[in-house]
Each structure stands twice: as structure tokens, then as C-alpha cells.
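Working through the structure, step by step
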Amino acid sequence: MADFEYGPVEIFLIGFDGERPGPDVVNAIVDVVETGTVRLLDLLFVTKSFETGDVVVLEIDEVADEYGLPEFELLEIGIAGEEDVADFADDLEPGTSAALLVVEHTWARNFAQALFNAGGAVLRTERIPAPVVNEIAALSSAE
């Protein structure tokens, strides 16, 4: 029987205009971590220069003081490798930035372990963005 240390992990690239996200976004990330909904394994800030297209990557410890996170601890720094970062950075337009989050879905750890132990496997997942879900819900409630 497997004893999973981690549940499913997902990488998010969250884009912004300018150099970095504002403190409200960082606070929202901290909130979901503190509630235990997810465990934050890695967090990077990626900026693509408007003039040159060069990519600058900052680790959380380089900006923690700026965001008031001096004791913010990540569980698996480096899990988003250089190749991942380069691949995701290709999606950025010059003059924009992104937060690259690697999160473990803690709610799904036991389910993933039980599924594995039973010989099962997830065959497909699909994420529906919140704006789409809310738009569909608004349309269906208006009818």
C-alpha cells in the first residue's frame, strides 16, 4: 500500500500587468495556504521586460520583506524547475509579469491514495475558470 506524502499538485501561472502582483493577490495566496485548502510548495515571480523581452525570475525569499512575508516558508522550493519556468515564461507578453505557484491539493491526498491502492487512476481532469463558471451560473439563474 502506498503512503502518499503529497496529493495532486498543480502549477498555476497567474499573469499581471507591470512588474509584480499587488499585495492583495499575495494576501489571497496566504489565505488559502493558512486555511489548509492547499499547501504551497513553490512560488516564483516572473517578469518579462518590455524593452528586451528578457525574463527575470525572483524567488519568494527575494521579495518576502516587500510583501510582509519574512517567515513565509515553502515546502518544496525548486519543484518548478528552470525548464518549467522557461516554458511558462513563453506565455508572458513583454511588459507583464506572473506569479508561478505550485500547490498541492491537500483535500485530495487521501482520495488519491485510496484510488491508487484500489488500482484506479484519474483518466482526465479539466479546470473551468471561475469567470466562466460564474457567467454560466448567472445566465442559468436569469432564465
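Throughout what follows, the structure given in this document is the object of discussion. (Residues numbered from 1 in each chain as written. Predicted model: local features only at pLDDT ≥ 70, side-chain atom pairs only at ≥ 80, totals over all residues. Heavy atoms only, no water.)

Moving on, we come to the layout of surface pockets. One number sums up the size of the largest pocket: a volume of about 320 Å³. Lining the largest pocket are 13 residues, and of these Pro8, Glu10, His105, Trp107 and Thr125 lie nearest its centre. Only strand S1 (9-17) and helix H4 (109-117) provide two or more residues apiece to the lining of the largest pocket. Residue contributions to the lining of the largest pocket peak at 3 residues, all from H4. Residues of the lining of the largest pocket, tallied by class, amount to 8 nonpolar, 2 polar and 3 charged. A volume near 270 Å³ is recorded for the second largest pocket. Along its surface, the second largest pocket is lined by 14 residues, and Phe12, Val32, Val38, Leu101 and Val103 are the ones closest to its centre. Among the elements that take part in the lining of the second largest pocket, helix H1 (residues 23-34) stands out by supplying 5 residues, more than any other. Here the residues of the lining of the second largest pocket sort into 12 nonpolar, 2 polar and no charged. (1 Å grid on protein atoms, 1.4 Å probe; cavity = no way out; pocket = protein on both sides within 12 Å on 5 of 7 lines; lining within 4 Å. Points joined across faces, edges and corners; volume = space filled by probe spheres on them. Helix = DSSP H or I, 4+ residues; strand = E, 2+ residues; numbered from the N terminus. Nonpolar A, V, L, I, M, F, W, Y, C, P; charged D, E, K, R; others polar.)

We now examine the packing of aromatic side chains. Throughout the structure, instances matching the rule amount to 1 aromatic pair. Residues phenylalanine 4 and phenylalanine 116 carry aromatic rings whose centres are separated by 5.5 Å and whose planes lie at 50 degrees to one another, so their mutual orientation is tilted. Taken together, the residues phenylalanine 4 in the segment before S1 and phenylalanine 116 in helix H4 connect sequence positions 112 residues apart. Judged by relative accessible area, which is 26%, phenylalanine 4 ranks as partly exposed. (Phe/Tyr/Trp six-rings, centres within 6.5 Å; stacked < 30°, edge-to-face > 60°. Buried < 20%, exposed > 50% of the residue type's maximum accessible area, 1.4 Å probe, protein only.)

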